[in-house]
Amino acid sequence: MCSSDLAIAWAAGAGTVGSTEDSLERETATLGGFLEALREGGPTGPGAFLLASSAGGVHAGSAHPPFDEVTPAHPISAYGDAKLAQERLAASLLADRCPTVVARFSNVYGPDQNLAKAQGLISQLALAAVSRQPVNIYVPLQTIRDYVYASDAGASR
């Protein structure tokens, strides 16, 4: 499916933990449509597909951190369910076509984040400091956060 000169990274998710189930279903359907088109009419030869997912969404209900690729997924929200569904969709539609990599990022931050989404702790704290507005943060006290700079998450090494 993918030529040796072609690598596709899908990092187009707009959903957040506060998104409605309908909007998350539309996002998953959009990815599904893209993957179907890629499967049916994509280039041939070796290549790869990377899906940016959410470690926090997929492992929100998992116990005994840290989590890795063999930790069973345990989403506890529609957002986590949608991310897991997207991972499974990519794996099933591309299984016999090209290697598929799922990157479960946790807390990506950096310039050009959509500040209107009320997502991204570092971005929201910076926005609150600049605008001199309070910020409400709703997470369990035992929540563990790791942060990765957007450019580092996308770097190929």
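Residues numbered from 1 in each chain as written. Predicted model: local features only at pLDDT ≥ 70, side-chain atom pairs only at ≥ 80, totals over all residues. Heavy atoms only, no water.

Asker: Describe a negative patch on the surface, with residues and values.
Answerer: Judged by side-chain charge, Glu21, Asp22, Glu25 and Asp81 come together as a negatively charged surface patch. Of the residues forming the negative patch, the biggest block, three residues, is contributed by helix H1 (residues 21–41). The topology assignment puts Asp81 in helix H3 (residues 78–94). Residue class for Asp81 comes out partly exposed when judged on its relative accessible area of 44%. (Patch = residues over 30% accessible without salt bridge, like charges linked within 9 Å, V, L, I, M, F, W, Y side chains within 5 Å. Areas by Shrake-Rupley, 256 points an atom, 1.4 Å probe, with all protein chains shown as cover. Salt bridge = Lys/Arg side-chain N within 4 Å of Asp/Glu carboxyl O. Lys, Arg positive; Asp, Glu negative; His and termini not counted. Charge placed at Lys NZ, Arg CZ, Asp CG, Glu CD. Helix = DSSP H or I, 4+ residues; strand = E, 2+ residues; numbered from the N terminus. Buried < 20%, exposed > 50% of the residue type's maximum accessible area, 1.4 Å probe, protein only.)

Asker: How would you summarise unusual backbone geometry if you had to cite specific residues and measurements?
Answerer: Cis geometry is adopted by the peptide bond preceding Pro66, which originates at Pro65 and carries an omega value of 5°. Checked against the element boundaries, Pro66 lands in the loop between helix H2 (55–58) and H3.

Asker: Residue-level account of the packing of aromatic side chains, with values.
Answerer: Using the criterion set out here, one finds one aromatic pair in the structure. A centroid spacing of 5.0 Å and a plane angle of 35° characterise the contact between Trp10 and Phe34, whose relative ring orientation is tilted. Here Phe34 lies in helix H1 and Trp10 lies in strand E1 (residues 7–10), a separation of 24 residues in the sequence. (Phe/Tyr/Trp six-rings, centres within 6.5 Å; stacked < 30°, edge-to-face > 60°.)

Asker: Hey, could you go over the pairing of E1 for me, with residue numbers and the actual values?
Answerer: By the alternation rule, side chains of E1 split into Ile8 and Trp10, which are all buried, and Ala7 and Ala9, of which none is buried. Of the pairings in the sheet, the one linking E1 to strand E2 (residues 48–54) comprises four bridges and is parallel in character. Its bridge partner being in E2, Ile8 is matched across the sheet by Phe49. (Pairing = 2+ DSSP bridges.)

Asker: So what's going on with the pattern of salt bridges? Residues and values would help.
Answerer: When the charged atoms of two side chains lie near each other, side chains of opposite charge can form a pair. Within the structure shown, the criterion is met by three salt bridges. The salt bridge partner of Lys83 is Glu27, with a shortest N-O separation of 3.5 Å. In this pair, Lys83 is assigned in helix H3 and Glu27 in helix H1, connecting sequence segments 56 residues apart. Looking at Lys83, the relative accessible area reads 7%, which means it is buried.

Asker: Let's hear about the side chain of His59: which residues, and what values?
Answerer: Relative to the assigned elements, His59 resides in the loop between H2 and H3. When sequence neighbours within four positions are dropped, the list of residues in contact with His59 reads Phe67, Asp68, Thr71, Pro72, Ala73, His74 and Arg104. (Contact = heavy atoms within 4.5 Å.)

Asker: Hey, could you go over helix H4 (residues 121–131) for me, with residue numbers and the actual values?
Answerer: Listed as buried for H4 are Ser123, Gln124 and Ala128. The arc enclosing the buried residues of H4, seen along the axis, measures out at 130°, which places them on a common side. Exposed residues lying more than 90 degrees from the buried face of H4 are Ala129 and Val130. Phi turns positive, to about 55°, at Arg132, one or two residues after H4. (Arc of directions from axis to C-beta.)

Asker: Tell me about the environment of Ala11, and please be specific about residues and values.
Answerer: You can see Ala11 is positioned in the loop between E1 and H1. Between the alpha carbons of Ala11 and Ala103 there is a distance of 9.7 Å; along the sequence they are 92 residues apart.

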